[in-house]
Amino acid sequence: MKRRQFVGLLGASALSLLLPGAALADDERKRRSTSTATSTTGTAPVLADTGATGSVVVVGGGMAGATAAKFLRLWGGSNVKVTLIDQNATYSSNIMSNLVLNGSTTMSQLTYNYNALKTLYGINFVQGSVVGIVPPVGTGMGSVRLANGTTIAANKIILAPGIEFDAVPGLTPALQDGYVTHAWKAGAQTTKLASQIRNMPVGGTFVMTIPASPYRCPPGPYERACIVADWVKKNKGPNARVIVLDANAGIQAEKHSFETAFNVTHAGVIDYRPNQTVASVTANTTGGKHAVTTNTGTVYADVLNVIPSHKAGKIITDNPALANVGGRWAGVDVRSYESSGVPNVYVIGDSAASGQPKAGHIANQEAKLCADAITRALRGDLIPNPAPKTNSACYSPITADTASWLTVVYGYDAVNNKMVAVPGAGPIEAAAASQDNFNDMKKWFATLMADSFA
Ligand SMILES: Cc1cc2nc3c(=O)[nH]c(=O)nc-3n(C[C@H](O)[C@H](O)[C@H](O)COP(=O)(O)OP(=O)(O)OC[C@H]3O[C@@H](n4cnc5c(N)ncnc54)[C@H](O)[C@@H]3O)c2cc1C
């Protein structure tokens with residue numbers, strides 16, 4: 001598929017799904033287009049009374065939670081009160097954060113505040129860490145409890161806390177002492193890893209580990225390997241190496257693009273090793289190197305980046321009825337994202353076991369479907385969209401100025417109650433990495449972030 005065809009497909013699916021109203025069924029779109037003006041341009045929308053009444057608390061102001069809060073106000077209207085809670089005052093985007101590692105962007109350029117959500121959409125933003133929930137029963141009120149003891153009541157609770165990591169022996173002290181990074185929750189960790197790579201000795205070795213699936217952003221670790229390889233071969237001499245220890249049996253996404261990148265574009269620099277399960281980490285061993293031991297032996301690194309395996313956020317795994325998929329992920333009805341274990345509690349984004357990739361673009365789509373379903377429930381319709389569709393689009397930088405891409409459209413399989421790839425609509429990946437793709441990536445990113453935060 002040529003790039004132009006892909007951009008056409010993106011126009012028809014991904015970008016259109018990013019537009020307010022686009023994730024709605026046709027009847028809903030018609031109903032709301034006459035009653036609700038929307039804003040992605042900086043002017044406050046006129047929120048109509050849509051007939052929906054109630055209050056919703058959203059826990060987690062990341063890609064999923066911020067989008068859900070915004071679209072609940074846009075589609076739910078003036079009588080749907082929305083409180084968005086995040087432990088941080090601003091959001092650091094994971095998306096594009098691998099480009100901090102080669103110095104082409106900075107974390108401050110990837111930081112988003114909640115001002116537009118507050119002032120344009122009338123969302124009540126609260127900074128705090130949620131430590132407990134009481135699920136609403138029927139049409140009554142439940143609540144969430146913050147670490148400072150405050151409780152906030154709601155008719156519906158959305159949980160969007162992203163992910164937590166599993167423990168790796170030796171990793172916690174190595175992270176605390178600043179010797180080793182995960183840089184898989186963007187922010188200070190990302191900046192730290194960038195500075196370690198910059199200070200790596202000439203001819204040094206960068207080692208990174210990839211957890212077993214499912215993890216957030218299936219192409220992300222391979223993208224990271226490419227960006228670091230591209231930078232070290234230009235700046236750290238011909239003997240610099242990037243060793244990739246993958247717990248999986250093979251590349252998890254964009255196989256063609258990354259095989260080409262590893263074997264051609266970055267041949268001789270990237271040493272890719274599948275089936276490597278991390279057992280322990282020892283920081284600052286002899287000569288200041290860091291050791292990672294896997295099922296096949298110990299590898300020494302000048303810079304060590306360990307991405308541990310993932311599970312749902314603590315607020316979910318603390319509650320077995322919510323973490324009803326292996327005690328690790330939240331089972332959901334993919335028409336509404338209501339928990340399959342706890343009524344009136346909804347889970348969106350990386351914490352949900354939705355059968356779709358753990359990705360920011362998918363988190364945005366899940367958030368809209370959830371906002372739509374809650375609006376219907378608060379209006380008394382109680383019928384979620386019977387045929388939801390979502391799209392995942394992902395761009396992966398391969399060098400400092402080229403990128404590949406991957407896209408999939410998912411549709412609802414009513415027989416098995418799950419989302420499945422629509423035949424003929426993906427997964428489709430770029431034929432080759434290019435500068436055009438890199439430029440399209442910047443537009444895609446700006447559109448996605450504006451849709452969630454502006
Ligand atoms: C390096 C990297 C590159 C990536 N690139 C892409 C890409 O190109 N395309 C793509 O689609 N996806 C990409 N992703 C994946 C994407 O970032 C995630 O899938 C997405 O952020 C998931 O959204 P979320 O809302 O579930 O979680 P997050 O965005 O992580 O948000 C969770 C929020 O919840 C808050 N929180 C957690 N617990 C609590 C609590 N108890 N109380 C209050 N607040 C809480 C956190 O502070 C955080 O703000 C990438 C990820 C990484 C690491």
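(A) A look at the side chain of Thr 50. Looking at where Thr 50 falls in the secondary structure, it is placed in the loop between helix H3 (26–33) and strand E1 (54–59). Among the residues examined, Thr 50 registers a relative accessible area of 16% and is labelled buried. Reaching out from Thr 50, the side chain makes a polar contact with the backbone nitrogen of Ala 52 at a distance of 3.3 Å.

(B) The sheet that holds strand E7 (residues 142–146), seen in detail. Taken together, 3 strands build an open sheet; the order of strands is E6-E7-E8 and the sheet is antiparallel. Both outer strands of the open sheet, strand E6 (130–134) and strand E8 (151–154), are each paired with one neighbouring strand and no more. Along the sheet, successive strands turn relative to each other by an average axial angle of 20 degrees, direction set aside. Bridge count between E6 and E7: 4 bridges; the pairing is antiparallel. Paired with Gly 132 across the strands is Arg 145, a residue of E7.

(C) Helix H8 (residues 220–235), seen in detail. With 16 residues, H8 should reach 22 Å at 1.5 Å per residue; the first-to-last C-alpha distance of 23 Å fits that figure. Within H8, 13 of the 16 residues are buried, which leaves it mostly tucked inside the rest of the structure. Trailing H8 by a residue or two, Gly 237 shows a phi angle of about 80 degrees, which is positive.

(D) Up close: the sheet that holds strand E14 (residues 278–282). An order of E14-E15-E16 is seen for the 3 strands of this open sheet, with the pairing classed as antiparallel. Only two strands of the sheet have a single neighbouring strand rather than two, namely E14 and strand E16 (297–301). Ignoring which end each strand starts from, the neighbouring axes of this sheet average 20 degrees apart. In the sheet, E14 pairs with strand E15 (residues 290–294) via 4 bridges, with the strands oriented antiparallel. Residue pairing in the sheet places Ser 280 in a bridge with Thr 293 of E15.

(E) How the structure looks around the confidence of the model for the protein. Per-residue pLDDT for the protein averages 92, and the proportion of residues at 70 or more is 91%. Under a pLDDT of 50 for its full length, residues 1–22 has, in the predicted model, 50 contacts with residues more than four places off or in other chains. A low-confidence stretch, residues 33–37 stays under pLDDT 50, and its non-local contacts, those more than four residues away or across chains, total 9 contacts.

(F) Region of interest: the pattern of salt bridges. All told, the structure shown has 14 salt bridges when counted by the stated rule. Across the pair Asp 372 and Arg 376 runs a salt bridge whose closest N-O atoms are separated by 3.3 Å. Of this pair, Asp 372 and Arg 376 both sit in helix H11 (residues 360–379), 4 residues apart, which is roughly one turn of the helix. In this structure, Asp 372 and Arg 376 share a single accessibility class: buried. Salt bridges sharing partners connect three or more residues here, namely Asp 166, Lys 311 and Arg 328.

(G) Examining the packing of helix H4 (residues 63–76) against helix H12 (residues 435–453) more closely. The interhelical angle for the contact between H4 and H12, taken along N-to-C directions, is 55 degrees, at an axis separation of 7 Å. As judged from the angle between their axes, H4 and H12 are oblique. Counting all contacts with H4, which are made through Met 63, Ala 66, Thr 67, Lys 70 and Phe 71, the residues of H12 involved are Leu 448, Met 449, Ala 450, Asp 451, Ser 452 and Phe 453. Looking at the contact of H4 with H12 residue by residue, the classes come out as 7 nonpolar, 2 polar and 2 charged.

(H) Examining the site of the ligand more closely. For the ligand, the set of nearby residues contains 32 residues, the closest of which are Ala 64, Asp 86, Tyr 91, Arg 216 and Asp 350. Contact between the ligand and Ala 64: an oxygen atom at 2.9 Å from a main-chain N or O atom of the residue. For the ligand, whose free accessible area comes to 1000 Å², the fraction covered by protein is 95%. In terms of residues, the shell around the ligand owes the most to one element, H11, which gives 3 residues. For the shell around the ligand, a count of residues per class yields 15 nonpolar, 13 polar and 4 charged. No fewer than three residues from each of domain 1 (3–164 + 311–453) and domain 2 (167–306) sit in the shell around the ligand.

Cut-offs used in this document
Residues numbered from 1 in each chain as written. Predicted model: local features only at pLDDT ≥ 70, side-chain atom pairs only at ≥ 80, totals over all residues. Heavy atoms only, no water. Helix = DSSP H or I, 4+ residues; strand = E, 2+ residues; numbered from the N terminus. Buried < 20%, exposed > 50% of the residue type's maximum accessible area, 1.4 Å probe, protein only. Polar contact = N/O pair within 3.5 Å; in protein donor to acceptor, adjacent residues only side chain to side chain. Pairing = 2+ DSSP bridges. Axes fitted to C-alpha atoms, helices over the stretch in contact; angles between N-to-C directions. Expected span 1.5 Å × (residues − 1). pLDDT = per-residue confidence, 0-100. Contact = heavy atoms within 4.5 Å. Salt bridge = Lys/Arg side-chain N within 4 Å of Asp/Glu carboxyl O. Parallel < 35°, antiparallel > 145°, perpendicular 65-115°, else oblique. Nonpolar A, V, L, I, M, F, W, Y, C, P; charged D, E, K, R; others polar. Near = heavy atom within 4 Å. Areas by Shrake-Rupley, 256 points an atom, 1.4 Å probe, with all protein chains shown as cover. Domains from an automatic or database assignment.

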